[in-house]
Amino acid sequence: AERIHSILEMMYELSEEERAERTTYDSIAAAIEKSMNRSNDDALVSRTISPNASSYNAILTAWSNCSDRKSATKALDLFRMMLERYNISCHARDALVRNKCQNELSSSKPRRDFTAKTDSFPDSRTLVALLKSIQILSSSMEFEDALKFVDSIREFATKVDDQNEWSHARDILPPTGKRKPDRIFNVFVCNAIIRTYSNLPATTLEEYRRCCERIDDLIEILESSHSVKPDVATRGMAIHAWEKSHRFAHECSDKEAKNCAKMRSAKARVHADAILSHMQSTTSRRGLLFEKPLSIICDVIAMHGDAGETTEAEELYLRAREGNTSYVPILAAIIEALSSNAANNILHVKKAHQFLSEFENDIMKSNLRVLPDMKFTRLYNAVIAGYISSTEKTDGIELAKTLLTHMIEKHTSNPQHIARPNTTTFVKVMTALARGEDNAQQLDMLLGEMDKINNQSKLLPAELAANVVPNKVVYDLVLKSHTRSSAKGSNEHVSALLDRIKKDPNISSDDLSQIFDSHELPQRSNNDYCHGEIKQSSTNPILKSYKKMFHAHLKKRTTNGAEAAAALLHEMEDKYASGENDYRPDIYMFNTVMNAWQQCELSNTDTSISPSKKAEDLLDYVCKKREEGVECLGPNDLTF
């Protein structure tokens, strides 16, 4: 950019030197002779040097491609220099003389177009490059200053066009014959102005609103114009501006700002309808044009969803879907919009499920060779998430399970079906079930289904195989459900699952250590019955799981929980006796179980079990161990 600038200055210096040596009449005569190819003084013509608009545009483009503020400032200074160097009164006089000479020299010939070679006045490319630089510069400006500056560029372009029309009507400027001069304020400049408005450094919702309203006013002016009309890109940038405003309001905690969501979505919807009307009027070119504005329509559907306008979102989706076989992005947008409103009514999720089923039937019956893909799996996962997040928890979980069962059946019977589940699909349903009571058996069944699909995937090509490998989240959910279960055999299930985790090559030692991190340890009572928390300095992840599962049993505050915790203690003793030193229990753990039996004694209604007798048996056991020389199990005052 610096080198181009130096070349421009060289041209300008030569131009000024020539201007000083030549009379006005000589300069005009040379330009006319060169235009008519009738030069009698080739040496004079060859010396005609002056930077024109293209010369300035080259360096403006170079500066605008730099991303630093210094370059943007230089671009702005160059534009001001361009205006200062342009003497519009001189060019007007030159044009009048040029037209007069042309009529005298070629009165019998049709009028030709003569373009002034010294014309260095800004054109549309100048303003586009300048606005690109302003976007960089505006980040370090105050919002009001940046807004006024863009307004001034817009006003400048409008006034220049008005002046050119007036001059052309009086045969003054520019010298283009009968053809009207090119407008500076064309669709490219308009789009650049809109892009700059949407990227101004707005920090409040009011500033965002002012930018969006200026964009809408500008588009409204274009709609009433006979020469410039807004195109798809213009509408798309307007939607983008309203979407940015919507996103900003959604992130702030101001309730009043969030209540304006319907207004913002309505503003963006006007432009979306105009885009769809344009797309549907160009049927022959729709395949080329529809793909790019598709994401714009998706943004408006998402805005309707955030505003709770599910009906409007459905209407826009159905209109955008007409005549288009590949509408996965807008389908994803409407499913997300409807599912996000599940808390208001589960019927919204059912409607999303209906759209998904229609798409599934259409695409599986078509002649297109469609393979399962993550973009399809995400659609099913979004519907499942919507069912689970609905206020009707029971119905929602059942419908989510039904959809998961549908996916399992379709994939196992036809691996090429688009309804292919992944680990996330199972985790969403398993998480909902784990929050309930005694759902351990259902979680075991889902884990078994994952194993079956994994075994099937080993025989399938990579593009058809489902990725449903159990991860630490799956194991954590199953373990959590079993530790909360009151069913018999839960402790054995947990032990078997822990052995499986230890042997699973897909579970790293770090994953093992995090399996129970989401479980809360029970709060100690005020009497501080165990003289401190159980030490967990060992890095053995299985040991950590044992100790956290030990506390999970005690949290139940039931006789089954106390018995399971005691059984776990004895299991740890067996491991310690077999040489695994990390599993050594201590007296604090036995005191904790005895305290649990004490809590059960206070609320026990089962006469077949005596919690106090259970606690006394533990006291006898630790005393016996003390006599055998196991010092770590020696009873203390709290034990008695």
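Procedures and definitions
- Residues numbered from 1 in each chain as written.
- Predicted model: local features only at pLDDT ≥ 70, side-chain atom pairs only at ≥ 80, totals over all residues.
- Heavy atoms only, no water.
- Helix = DSSP H or I, 4+ residues; strand = E, 2+ residues; numbered from the N terminus.
- Buried < 20%, exposed > 50% of the residue type's maximum accessible area, 1.4 Å probe, protein only.
- Contact = heavy atoms within 4.5 Å.
- Areas by Shrake-Rupley, 256 points an atom, 1.4 Å probe, with all protein chains shown as cover.
- 1 Å grid on protein atoms, 1.4 Å probe; cavity = no way out; pocket = protein on both sides within 12 Å on 5 of 7 lines; lining within 4 Å.
- Points joined across faces, edges and corners; volume = space filled by probe spheres on them.
- Expected span 1.5 Å × (residues − 1).
- Arc of directions from axis to C-beta.
- pLDDT = per-residue confidence, 0-100.
- Axes fitted to C-alpha atoms, helices over the stretch in contact; angles between N-to-C directions.
- Parallel < 35°, antiparallel > 145°, perpendicular 65-115°, else oblique.
- Polar contact = N/O pair within 3.5 Å; in protein donor to acceptor, adjacent residues only side chain to side chain.
- Phe/Tyr/Trp six-rings, centres within 6.5 Å; stacked < 30°, edge-to-face > 60°.
- Left-handed = near helix turned anticlockwise from the far one by under 90°.
- Nonpolar A, V, L, I, M, F, W, Y, C, P; charged D, E, K, R; others polar.
- Disulfide = S-S within 2.5 Å.
- Patch = residues over 30% accessible without salt bridge, like charges linked within 9 Å, V, L, I, M, F, W, Y side chains within 5 Å.
- Salt bridge = Lys/Arg side-chain N within 4 Å of Asp/Glu carboxyl O.

**What to know about the overall build of the protein**
Within the protein one finds 29 helices and zero strands. Out of the 640 residues belonging to the protein, those deemed buried represent 47%. When contacts within the protein are restricted to residue pairs at least 6 apart in sequence, long-range pairs at least 24 apart make up 72% of them. Of the roughly 33,200 Å² of accessible surface on the protein, 50% is carried by carbon and sulfur atoms.

**Some remarks on empty space enclosed by the protein**
Counted according to the given criterion, the structure contains five cavities of 30 Å³ or more. The calculated volume of the largest cavity comes to roughly 70 Å³. Tyr197, Ser198, Leu200, Ala202, Tyr208, Cys211, Cys212, Ile215, Ala241 and Lys244 are the residues that line the largest cavity. Listing elements by their share of the lining of the largest cavity, those giving two or more residues are helix H9 (187-198), helix H10 (205-223) and helix H11 (232-251). The biggest single contributor to the lining of the largest cavity is H10, with four residues.

**Structural notes on helix H20 (residues 393-413)**
Compared with the 30 Å implied by 1.5 Å per residue over 21 residues, the 30 Å span of H20 between its first and last C-alpha is a close match. Among the residues of H20, those classed as buried are Gly396, Ile397, Ala400, Leu403, Leu404, Met407, Ile408 and His411. The arc that holds every buried residue of H20, seen down its axis, measures 140°, which confines them to one face. In H20, the exposed positions angled more than 90 degrees off the buried face are occupied by Thr394, Thr402 and Ser413. On its buried side, H20 packs onto helix H18 (346-365), helix H19 (374-389), helix H21 (423-434) and helix H22 (440-457).

**Here's the deal with the confidence of the model for the protein**
Of all residues in the protein, 78% attain a pLDDT of 70 or more, and the chain-wide mean is 78. Here helix H14 (residues 286-289) stands out as the least confident element of the protein, with mean pLDDT 41; H19 is the most confident, with 94. Every residue in residues 39-46 scores below 50 in pLDDT, and together they form eight contacts with partners more than four places removed in sequence or on other chains. Across residues 284-290, where pLDDT falls below 50, the model places twelve contacts with residues more than four positions away in sequence or in other chains.

**Considerations on the packing of H21 against H22**
Close contact between H21 and H22 brings their axes to 10 Å; oriented N to C, the two are set at 170°. Classed by the angle they form, the pair H21 and H22 counts as roughly antiparallel. Between H21, through Thr423, Phe426, Val429, Met430, Leu433 and Ala434, and H22, the contact on the second element is made entirely by Gln442, Leu443, Leu446, Glu449, Met450 and Ile453.

**Re the side chain of histidine 304**
In this fold, histidine 304 is placed in helix H15 (residues 294-306). Judged by relative accessible area, histidine 304 falls into the buried class, the value being 3%. Looking at histidine 304, its side chain comes within polar contact range of the side chain of arginine 269, at 3.2 Å. If we ignore the near neighbours within four places in the chain, the residues touching histidine 304 are Ser265, Arg269, Glu309, Glu312, Ala313 and Leu316.

**Remarks on the packing of aromatic side chains**
Two measures describe an aromatic ring pair: the distance that separates the ring centres and the angle between the ring planes. Considering all chains together, one arrives at five aromatic pairs under this definition. Seen in terms of ring centroids, phenylalanine 79 and phenylalanine 156 are 5.8 Å apart; in terms of plane orientation they differ by 85°. Their pairing is edge-to-face. Separated by 77 residues along the polypeptide, phenylalanine 79 in helix H5 (residues 69-85) and phenylalanine 156 in helix H8 (residues 143-169) bring together distant segments of the chain. Each member of the pair, phenylalanine 79 as well as phenylalanine 156, carries the same accessibility label: buried. Both rings, one in phenylalanine 359 and one in phenylalanine 376, keep their centres 5.9 Å apart while their planes meet at 40°; by these two values the pair is tilted. Highlighted residues: phenylalanine 359 in helix H18 and phenylalanine 376 in helix H19, separated in sequence by 17 residues. The buried category is assigned to phenylalanine 359, whose relative accessible area is 2%.

**Overview of helix H24 (residues 490-503)**
Here H24 spans 20 Å end to end across 14 residues, near enough to the 20 Å set by a 1.5 Å rise per residue. Listing the buried residues of H24 in full gives Ser490, Asn491, Val494, Ser495, Leu497, Leu498 and Ile501. Projected down its long axis, H24 shows its buried positions confined to an angular sector of 165°, all on one face. Seen from the open side of H24, the exposed residues pointing more than 90 degrees away from its buried face are Glu492 and Lys503.

**Some details on the packing of helix H17 (residues 328-339) against H18**
Contact pair H17 / H18: the axes reach a minimum separation of 8 Å and the direction vectors enclose 160°. By the angle between their directions, the pair H17 and H18 is classed as roughly antiparallel. With respect to the hand of their crossing, H17 and H18 are arranged in left-handed fashion. Counting all contacts with H17, which are made through Val328, Leu331, Ile334, Ile335, Leu338 and Ser339, the residues of H18 involved are His348, Val349, Lys351, Ala352, Phe355, Leu356 and Phe359. Of the residues that constitute the contact of H17 with H18, the class distribution is ten nonpolar, two polar and one charged.

**Quick notes on the state of the cysteines**
Within this structure, the stated rule accounts for zero disulfides. Not part of a disulfide, cysteine 211 finds its nearest cysteine sulfur in cysteine 212, a span of 6.8 Å. By relative accessible area, cysteine 212 is classed as buried at 1%.

**A few points about a nonpolar patch on the surface**
On the surface, a nonpolar cluster with roughly 250 Å² of combined accessible area is contributed by Met10, Leu14 and Ile49. With respect to the secondary-structure elements, leucine 14 resides in helix H1 (residues 2-21).

**A look at the pattern of salt bridges**
Applying the stated criterion across every chain, the model contains 18 salt bridges. A salt bridge links arginine 183 to aspartate 161; the nearest nitrogen and oxygen atoms lie 3.5 Å apart. Of the two residues, arginine 183 is situated in the loop between H8 and H9 and aspartate 161 in helix H8; the sequence distance between them amounts to 22 residues. Classification of arginine 183 by relative accessible area gives partly exposed; the value is 28%.

**Quick look at the side chain of threonine 234**
Relative to the assigned elements, threonine 234 resides in helix H11. Contacts of threonine 234, omitting those with residues within four sequence positions, involve Val187, Cys190, Asn191, Ile194 and Ile219.

**Considering the environment of cysteine 66**
As for its placement among the helices and strands, cysteine 66 is situated in the loop between helix H4 (53-64) and H5. As for cysteine 66 and serine 133, which are separated by 67 residues in sequence, their C-alpha atoms are 8.3 Å apart. With residues up to four places along the chain from it excluded, the contact list for cysteine 66 reads Ser71 and Ile136.

**Side note on the environment of methionine 11**
Mapped onto the elements, methionine 11 comes out in helix H1. Overall, methionine 11 belongs to the partly exposed group, its relative accessible area being 25%. Residues methionine 11 and proline 51, 40 residues apart in the sequence, show an inter-C-alpha distance of 6.0 Å. In this view, methionine 11 contacts Ile49, Ser50, Pro51 and Ser55; residues no more than four positions away in its chain are not counted.

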